[in-house]
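Spelled out from the first residue to the last, the chains are:
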Amino acid sequence: MTNPRTMPDPAADTITVLGLESSCDDTAAAVVRLGPDGPRILSSVVQGQTALHAEFGGVVPEIAARAHVERIDLCVEQALASAGTDLSGIDAIAVTAGPGLIGGVLAGVMCAKGIAAGAGLPLIGVNHLAGHALTPRLTDGLEFPYLMLLVSGGHCQFLIVHSPTRFERLGGTIDDAPGEAFDKTAKLLGLPQPGGPSVEAEARGGDPARFAFPRPLLDRPGCDMSFSGLKTALLRARDQAVAEQGGLTRHDRADLCASFQAAVADVLVEKSRRATETYLQARPDDPVLAVAGGVAANATIRNALEDLCKARGLRFVAPPLNLCTDNAAMIAWAGIERYRLGLVDGLDLSARPRWPLDEHAPALLGSGKKGAKA
């Protein structure tokens with residue numbers, strides 16, 4: 001006999017969801033509640049793995065998967081305790097089911113299945129990218145449709161978010177995502193990981209005009225992007241500076257970082273301008289460009305995108321920095337969005353290394369170290 005608690009009630013006045021996230025190198029759990037006064041994050045626990053991967057210069061999938069297995073149940077316990085509830089106060093379990101490093105995704109999915117089966121709760125598989133794309137509805141209550149720039153360690157794409165289940169991709173990276181390019185740049189310059197904050201900090205004292213790095217694909221129409229060539233250009237500039245001077249000075253490194261960061265910002269701003277042109281053709285009542293993902297924490301990029309929005313007459317929305325990087329609150333919220341539509345999964349839910357948000361768009365090429373692109 002089916003446990004009545006496994007049957008969702010989309011019309012409930014209050015919906016409380018436990019979310020789990022383990023797609024890359026952050027193990028996370030969170031409790032989010034949607035009530036008459038709107039959504040509220042009751043708890044959000046994130047255990048990072050930076051120290052585990054530091055000596056390797058990037059995320060090692062096997063190490064990440066093992067850490068997720070060891071930590072995810074502890075994160076769940078902490079999230080429930082911090083929220084002041086237990087499983088009896090939870091209406092559903094939401095979990096990242098992809099895309100991402102398959103070992104980590106599996107760890108989260110199997111934990112969620114066990115909790116759902118044991119507690120008789122509905123199970124909701126969430127696309128990690130949908131979690132990022134729907135975060136502005138959690139934080140700012142955005143109405144559909146809005147334009148989203150998802151820019152992170154493993155992904156970069158422009159999406160028109162029409163509904164919790166309909167995402168129209170306007171373009172994306174065909175190789176490295178910006179976050180991965182930042183990580184590689186940091187490694188080439190001997191800076192600590194994660195690369196984004198390290199490169200940004202170093203760039204503050206540098207000259208962004210010293211090195212004439214390319215702005216890939218700006219000579220082609222559309223919103224697709226490429227960042228792998230920037231890494232190669234930086235490598236050559238570094239080697240030339242070393243050859244000419246017998247080494248790399250702190251000043252050189254700052255200039256390299258500033259020039260690289262400026263190139264990434266220029267590409268993102270120009271491609272965003274093109275994406276806004278397409279988006280505005282739909283004449284949205286409240287035009288918005290939202291940005292999410294780890295690279296959205298970069299102040300230079302955020303400021304440049306804000307300036308673009310002012311010039312184009314769009315509202316600029318960026319969630320708090322702790323909700324731009326990987327977290328489980330966004331997964332719980334995406335689970336609430338699906339729960340309200342009556343969309344739940346069975347215990348046969350599969351972990352997926354690839355899972356495009358826009359099923360009708362052509363597949364993007366390549367796969368990054370931080371996760372499979374979609």
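Residues numbered from 1 in each chain as written. Predicted model: local features only at pLDDT ≥ 70, side-chain atom pairs only at ≥ 80, totals over all residues. Heavy atoms only, no water.

1. Quick notes on the pattern of salt bridges
- One pass over the full model with this rule turns up 13 salt bridges.
- For D286, the salt bridge goes to R315, with nearest N and O atoms at 2.6 Å. Within this pair, whereas D286 is found in the loop between α8 (250-280) and β9 (288-292), its partner R315 is found in strand β10 (residues 315-317), the two being separated by 29 residues in sequence.
- On the basis of relative accessible area, R315 is assigned to the partly exposed category, the value being 36%.
- The structure contains a network of salt bridges with shared partners spanning E270, R273, R274 and E277. (Salt bridge = Lys/Arg side-chain N within 4 Å of Asp/Glu carboxyl O. Helix = DSSP H or I, 4+ residues; strand = E, 2+ residues; numbered from the N terminus. Buried < 20%, exposed > 50% of the residue type's maximum accessible area, 1.4 Å probe, protein only.)

2. Observations concerning the packing of helix α5 (residues 178-188) against α8
- Contact pair α5 / α8: the axes reach a minimum separation of 11 Å and the direction vectors enclose 170 degrees. Our classification of the angle between α5 and α8 gives roughly antiparallel. Counted together, P178, A181, F182 and T185 of α5 and F260, Q261 and V264 of α8 form the full contact between these two elements.
- Of the residues assigned to the contact of α5 with α8, the class counts are five nonpolar, two polar and no charged. (Axes fitted to C-alpha atoms, helices over the stretch in contact; angles between N-to-C directions. Parallel < 35°, antiparallel > 145°, perpendicular 65-115°, else oblique. Contact = heavy atoms within 4.5 Å. Nonpolar A, V, L, I, M, F, W, Y, C, P; charged D, E, K, R; others polar.)

3. Thoughts on the pairing of strand β5 (residues 123-127)
- In terms of residue burial, β5 counts as a mostly covered element, since five of its five residues are buried.
- Alternating positions in β5 separate into two faces, L123, G125 and N127 on one and I124 and V126 on the other, with burial throughout.
- Note: strand β4 (residues 92-98) against β5, five bridges, orientation parallel. Looking across to β5, one finds that I93 is bridged to L123. (Pairing = 2+ DSSP bridges.)

4. Details of the confidence of the model for the chain
- In this model, the chain carries a mean pLDDT of 91, and residues with pLDDT of at least 70 account for 94%.
- Here residues 366-373 is modelled with pLDDT under 50, and outside its nearest four sequence neighbours on either side it reaches 34 contacts, counting other chains as well. (pLDDT = per-residue confidence, 0-100.)

5. Considering the sheet that holds β4
- As summarised here, the arrangement of the five strands in space is β3-β2-β1-β4-β5, forming an open sheet in which the pairing is mixed. Each of the sheet's edge strands pairs with one partner strand only, and the pair in question is β3 (38-48) and β5. Along the sheet, successive strands turn relative to each other by an average axial angle of 20 degrees, direction set aside.
- Of the strands in this sheet, β1 (15-21), β4 and β5 are in contact with helix α3 (residues 102-119), which crosses β4 at around 160 degrees.
- Strands β1, β2 (26-35), β3, β4 and β5 of the sheet are contacted by helix α11 (residues 329-340), whose axis makes an angle of about 45 degrees with β2.

6. Section: the sheet that holds β10
- Taken in spatial order, the five strands of this open sheet run β8-β7-β6-β9-β10, and their pairing is mixed. In the strand order of this sheet, the two ends are held by β8 (166-172) and β10, each with one partner. Geometrically, the sheet is characterised by an average inter-axis angle of 25 degrees between neighbouring strands, direction not taken into account.
- For strand β7 (residues 156-163) and β8, the ladder comprises six bridges, and the chain directions are antiparallel. If you follow Q157 over to β8, its bridge partner there is G172.

7. Considering the layout of surface pockets
- Empty space within the second largest pocket amounts to approximately 300 Å³.
- If you trace the second largest pocket, you find 18 residues lining it, with P164, T165, R166, F167 and L357 closest to the centre.
- Mapped by element, the contributors of at least two residues to the lining of the second largest pocket are β5, α4 (128-140), β8 and α11.
- Looking at the lining of the second largest pocket residue by residue, the class counts come to nine nonpolar, four polar and five charged. (1 Å grid on protein atoms, 1.4 Å probe; cavity = no way out; pocket = protein on both sides within 12 Å on 5 of 7 lines; lining within 4 Å. Points joined across faces, edges and corners; volume = space filled by probe spheres on them.)

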